[in-house]
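Each chain is listed here by its residues.
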Amino acid sequence: MKNMSTEAQKQFVHMKEFKTQTILKRISAVLISIVILPFVFYGIFLLTVPISRPDKAVRSYVMKEIPVGTNRNEAIEIINNQGWEIDHIAECGLCINNEAGCAYFAAEESLNLDERTVGTSSMKVYLGNYYGPLYTSVKAYIAFDENEKLIEVFIMREIDGI
C-alpha cells in the first residue's frame, strides 16, 4: 500500500468498505429471514385452519356446514362426515352467556340475567384443536328447538398453557 498513489489508496479503501457493507447486508437479510419467516409461515398455517379463526368466523363456518333448520339426525350425520366428535347429547337446551363467553346444558331456566336459555335439546361437539401458541381445543354447543331443528351455535375454546 506504500507504493500506491493517494487516489489508488482511496479507491482501495472504498472497495473494502463496499464489500464489508455488502457482506453485512447479506448477513442481516439471512438473520431476519431466519427469525421472521417461521412466524409468517405459522401465521399462514393458522389462517388455513378454520377453527383457529375468531369465534364469530368459526360459528359461521359451522353454520355453513350445518345450516339453521337442519334436523338433529341430519346434523349428527354432517358432524360425523366432517370428522368432528359428538361429546355429549342432552335433552335440554343451552344456557348461553355471551359476555362471559360460555355455554352449558340448561337443566332448568337460568336465573342469571346475563344468560339466555335456547332450545329444548342440545349437543356439545368437539371440532378439533391447534397450537397457537398454546394448545387450544375448540367446541361447538348446538341447540335444537322442540321440532329438533337447529336454532343456535355457540363456540367455546379451552386453552391449556401447560
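All values reported here derive from a predicted model rather than from experimental measurement.

Caption draft 1: Spatial organisation of the pattern of salt bridges. Scanning the entire structure with this criterion turns up seven salt bridges. Glutamate 158 is paired through a salt bridge with lysine 139; the nearest N and O atoms lie 3.2 Å apart. In this pair, glutamate 158 sits in strand 7 (residues 150-160) while lysine 139 sits in strand 6 (residues 135-144), placing the two residues 19 residues apart along the sequence. Under the relative-accessibility criterion, glutamate 158 is labelled partly exposed at 40%. Note on lysine 139: relative accessible area 8%, which makes it buried.

Caption draft 2: Spotlight on the state of the cysteines. Within the structure shown, the criterion is met by zero disulfides. Left unpaired, cysteine 92 is separated from the closest cysteine sulfur, that of cysteine 95, by 9.7 Å. Classification of cysteine 92 by relative accessible area gives buried; the value is 17%. Cysteine cysteine 102 is unpaired, with the sulfur of cysteine 95 as its nearest cysteine sulfur at 8.3 Å. On the basis of relative accessible area, cysteine 102 is assigned to the partly exposed category, the value being 25%.

Caption draft 3: Broad picture of the sheet that holds strand 7. The strand order across the open sheet formed by four strands is 1-5-6-7, and the pairing between neighbours is antiparallel. Two strands lie at the open edges of the sheet, namely strand 1 (85-90) and strand 7, each paired on one side alone. Sheet twist, expressed as the average angle between the axes of neighbouring strands with direction ignored, equals 20°. In the sheet, strand 1 pairs with strand 5 (residues 121-131) via five bridges, with the strands oriented antiparallel. Within the sheet, the bridge partner assigned to glutamate 85 lies in strand 5 and is tyrosine 126. Its contacts with the sheet place helix 2 (residues 55-65) against strand 5, strand 6 and strand 7, and it is angled at close to 135° to strand 7.

Caption draft 4: Layout of the sheet that holds strand 2 (residues 93-97). Judged by pairing direction, the sheet is antiparallel, and its three strands sit side by side in the order 3-2-4 without closing on themselves. The outermost strands of the open sheet, each flanked by one partner alone, are strand 3 (102-106) and strand 4 (116-118). Strand-to-strand twist in this sheet, taken as the mean axis angle between neighbours without regard to direction, amounts to 30°.

Caption draft 5: Quick peek at helix 2. Within the span of helix 2, buried status applies to Val58, Val62 and Met63. Around the axis of helix 2, the buried residues are gathered within 135° of arc, so they sit on the same side. Across helix 2 from its buried face, at more than 90 degrees, point the exposed residues Lys56 and Lys64. Lining the buried residues of helix 2 we find strand 5, strand 6 and strand 7.

Caption draft 6: Representation of the confidence of the model for the chain in the model. Here the chain averages 85 in pLDDT, and 85% of its residues register 70 or above. Of all secondary-structure elements in the chain, the lowest mean pLDDT belongs to helix 1 (residues 6-48), at 75, while helix 3 (residues 72-82) reaches the highest, 96.

Caption draft 7: Structural view of the nonpolar core. The biggest cluster of nonpolar side chains holds 20 residues, and the ones touching the most others in it are Val62, Ile66, Leu127, Ile142, Val153 and Ile155. In this structure, isoleucine 155 is in contact with Asp55, Val58, Arg59, Val62, Leu127, Val138, Lys139 and Ala140, ignoring residues within four places of it in sequence. Core analysis: the next-biggest nonpolar cluster, separate from the first, contains eight residues, Ala103, Val118, Ala143 and Phe154 among them.

Conventions used here
Residues numbered from 1 in each chain as written. Predicted model: local features only at pLDDT ≥ 70, side-chain atom pairs only at ≥ 80, totals over all residues. Heavy atoms only, no water. Salt bridge = Lys/Arg side-chain N within 4 Å of Asp/Glu carboxyl O. Helix = DSSP H or I, 4+ residues; strand = E, 2+ residues; numbered from the N terminus. Buried < 20%, exposed > 50% of the residue type's maximum accessible area, 1.4 Å probe, protein only. Disulfide = S-S within 2.5 Å. Pairing = 2+ DSSP bridges. Axes fitted to C-alpha atoms, helices over the stretch in contact; angles between N-to-C directions. Contact = heavy atoms within 4.5 Å. Arc of directions from axis to C-beta. pLDDT = per-residue confidence, 0-100. Core = buried A, V, L, I, M, F, W, Y, C linked by side-chain atoms within 4.5 Å.

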